[in-house]
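Each chain, letter by letter, is given below.
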Amino acid sequence: MAGAPPLSGIRVLEFAGLAPGPFAGMMLADFGATVLRVDRAHPAAHSSKPPPATPDQLVRHKSSIAVDMKSPAGIALLKAMLTRIDVVIDPFRPGVLERLGLDPEKVMLQINPRLIVARMTGFRRDGKYKDMAGHDINYIAVSGVLSMLGRAADKPYAPANILGDFAGGGGMCFMGILLALMARNKSGRGQVVEANMVDGAAYLASMPRLATKPPKALWTGPRGTNMLDGGAPWYDTYETADGKYMSVGALEPQFWAELLKGLGLRESELPGRREDPRSWSAIRTLFEERFKSRSRSHWEGVFDGTDACVAPVLEQRELEAAQFDQRPPVTLRETPALAIAQGPENRPAAVGQGQGVDGGGWNSGGLRPGVGGEDVLARWLGWQRGKHYQLADGGLSLLDGKARL
């Protein structure tokens, strides 16, 4: 029988935000942490008819409290909670927590020296852009990564907001929190964790950046002309007869041979040598013609089970229709994460433990402000409404300025 998820017992207070902050919180929740989101006060919060869900969809396993953070009593409530919290996630621009009276170093860690305050920004907290607003595309732009993405002789192309917001932002923040928890196990002290999407994205691009220099200068050409950025015809996508696509990644010679075999080609029929970049355009044209001559299902039948490194480009709606099960990102054999896809309790560790969540990772009903949060306060702190806190103006606040813990 599987043991409890590895972060069971960790208590997380997540200030409401969008994209990277909630993603870090969701990862913590998926691996067993209890995550309580702090939403803005709303007239219907903590009522029998709570307000509509916020735009945040990354809410698996989370609960919410609504707090008027412009109210001294609301801030007092948050301060009183800090004594029993392990992690705080700060998604705000620099200076917001300080203006609220929740300076991580001067206030939060003084209240609870074991606290971990994870602060995430887009730009670095120092330097030229620190006071500017931005989005994923801006962060990966100044990191140098965006300049490497896109087709030859075309403008840089941003890969949605996956690289900055989620991989370089939320994912790196999650890693920082885990490292701080490990350090706390040794020292007994918490600390401030600072993550930003510029450094996160730049770190993720370590390999291509280093590959621009000797001894293995594999990324020396302009954007879109190198081996792994769409320059090489054996590392690209190809349209099929039915308007779908196949992916090709036949880097090694033995995989290249399997690719040619599947396409019905011999090396002697190619319009040039694979090793000569001057031949790449003509070889790509030949591959385009071959792939376009048959449907994607035909090519799947040809390449499935081979070592040609060819696979279909599946779309999200196809996977959902096929009931593809969303799984945790890593498998812990003894203490697996909570399941995402719905199903029975006893499943392989790779699938996760438990029955999964509504929507199975394909749909999220969101989280309504104030839903479930008072139950969490009762479990964490033993608090009750009317005894330790009150509901006023759509938000919770500390009753009489203090709580008996």
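This is a predicted model, so every value here is computed, not measured.

1. Brief notes about the packing of aromatic side chains
We describe a pair of aromatic rings using the distance from one ring centre to the other and the angle between the two ring planes. According to the stated counting rule, one finds 14 aromatic pairs in the structure shown. For the ring pair Phe 123 and Tyr 129, a centre distance of 5.2 Å and an interplane angle of 25 degrees mean the geometry is stacked. Owing to a relative accessible area of 8%, Phe 123 belongs among the buried residues under this scheme. Three or more aromatic residues link up through ring pairs in this structure, and these residues are Trp 234, Tyr 238, Trp 256, Trp 280, Phe 287, Phe 291, Trp 299 and Phe 303. Positioned above the aromatic ring of Trp 234 is the side chain of Arg 274, whose terminal nitrogen or guanidinium carbon lies 4.1 Å from the ring centre.

2. Focus on the domain arrangement of the protein
The extent of an interface is frequently quoted as the accessible surface area lost upon association of the parts. Per the domain assignment, the segments making up the protein are domain 1 (11-204 + 326-398) and domain 2 (235-322). One C-alpha centre belongs to domain 1, the other to domain 2, and the line joining them spans 41 Å.

3. Here's the deal with a nonpolar patch on the surface
Together, Met 207, Leu 218, Leu 228 and Tyr 235 make up a nonpolar patch on the protein surface, roughly 340 Å² of accessible area in all. Within the secondary structure layout, Leu 228 lies in the loop between helix H8 (206-210) and strand S7 (235-239). The exposure class assigned to Leu 228 is partly exposed, which follows from its relative accessible area of 31%.

4. Quick look at the packing of helix H9 (residues 253-263) against helix H10 (residues 280-292)
Relative orientation of the contacting elements H9 and H10 amounts to 45 degrees, with a least axis distance of 11 Å. In terms of orientation, H9 lies oblique with respect to H10. The interaxial crossing formed by H9 with H10 has left-handed handedness. Touching Trp 256, Leu 259, Leu 260 and Leu 263 of H9 are Ile 283, Phe 287, Arg 290 and Phe 291, all from H10.

5. A closer look at the nonpolar core
Within the largest apolar cluster, 32 residues are counted, with the highest numbers of intra-cluster contacts made by Phe 15, Leu 78 and Met 81. For this core, the elements supplying multiple residues, two or more each, are strand S1 (11-15), strand S2 (34-40), strand S3 (62-67), helix H2 (72-81), helix H4 (104-111), helix H13 (373-381) and strand S11 (395-398). Ranked by residues supplied to this core, first place goes to H2 with six residues. Apart from residues no more than four positions distant in its own chain, Phe 15 is found in contact with Val 38, Met 69, Leu 78, Val 88, Ile 89, Pro 91, Phe 92, Leu 97, Leu 102 and Met 108.

6. Observations regarding the packing of helix H1 (residues 20-30) against helix H6 (residues 162-187)
Here H1 crosses H6 at 45 degrees, and the two axes come no closer than 8 Å. In terms of orientation, H1 lies oblique with respect to H6. Crossing angle aside, the handedness with which H1 passes H6 is right-handed. Judged by residue contacts, Pro 20, Phe 23, Ala 24, Met 27 and Leu 28 of H1 engage Asp 165, Phe 166, Gly 169, Gly 170, Gly 171, Cys 173, Phe 174, Ile 177 and Leu 178 from H6. Residue composition of the contact of H1 with H6, grouped by class: ten nonpolar, three polar and one charged.

7. A word on the sheet that holds strand S9 (residues 310-312)
Sheet strands pair by backbone hydrogen bonding; their relative direction is either parallel or antiparallel. Spatial ordering of the open sheet is given by S7-S8-S9, a layout of three strands whose pairing is antiparallel. The open sheet has two edge strands with one neighbour each: S7 and S9. The mean inter-strand angle of the sheet, taken between neighbouring strand axes irrespective of direction, is 25 degrees. Looking at chain direction, strand S8 (residues 245-249) and S9 are connected through three bridges and run antiparallel. Residue pairing in the sheet places Met 246 in a bridge with Pro 312 of S9.

Thresholds, definitions, all that
Residues numbered from 1 in each chain as written. Predicted model: local features only at pLDDT ≥ 70, side-chain atom pairs only at ≥ 80, totals over all residues. Heavy atoms only, no water. Phe/Tyr/Trp six-rings, centres within 6.5 Å; stacked < 30°, edge-to-face > 60°. Buried < 20%, exposed > 50% of the residue type's maximum accessible area, 1.4 Å probe, protein only. Lys NZ or Arg CZ within 6 Å of the ring centre and 35° of its normal. Domains from an automatic or database assignment. Patch = residues over 30% accessible without salt bridge, like charges linked within 9 Å, V, L, I, M, F, W, Y side chains within 5 Å. Areas by Shrake-Rupley, 256 points an atom, 1.4 Å probe, with all protein chains shown as cover. Salt bridge = Lys/Arg side-chain N within 4 Å of Asp/Glu carboxyl O. Helix = DSSP H or I, 4+ residues; strand = E, 2+ residues; numbered from the N terminus. Axes fitted to C-alpha atoms, helices over the stretch in contact; angles between N-to-C directions. Parallel < 35°, antiparallel > 145°, perpendicular 65-115°, else oblique. Left-handed = near helix turned anticlockwise from the far one by under 90°. Contact = heavy atoms within 4.5 Å. Core = buried A, V, L, I, M, F, W, Y, C linked by side-chain atoms within 4.5 Å. Nonpolar A, V, L, I, M, F, W, Y, C, P; charged D, E, K, R; others polar. Pairing = 2+ DSSP bridges.

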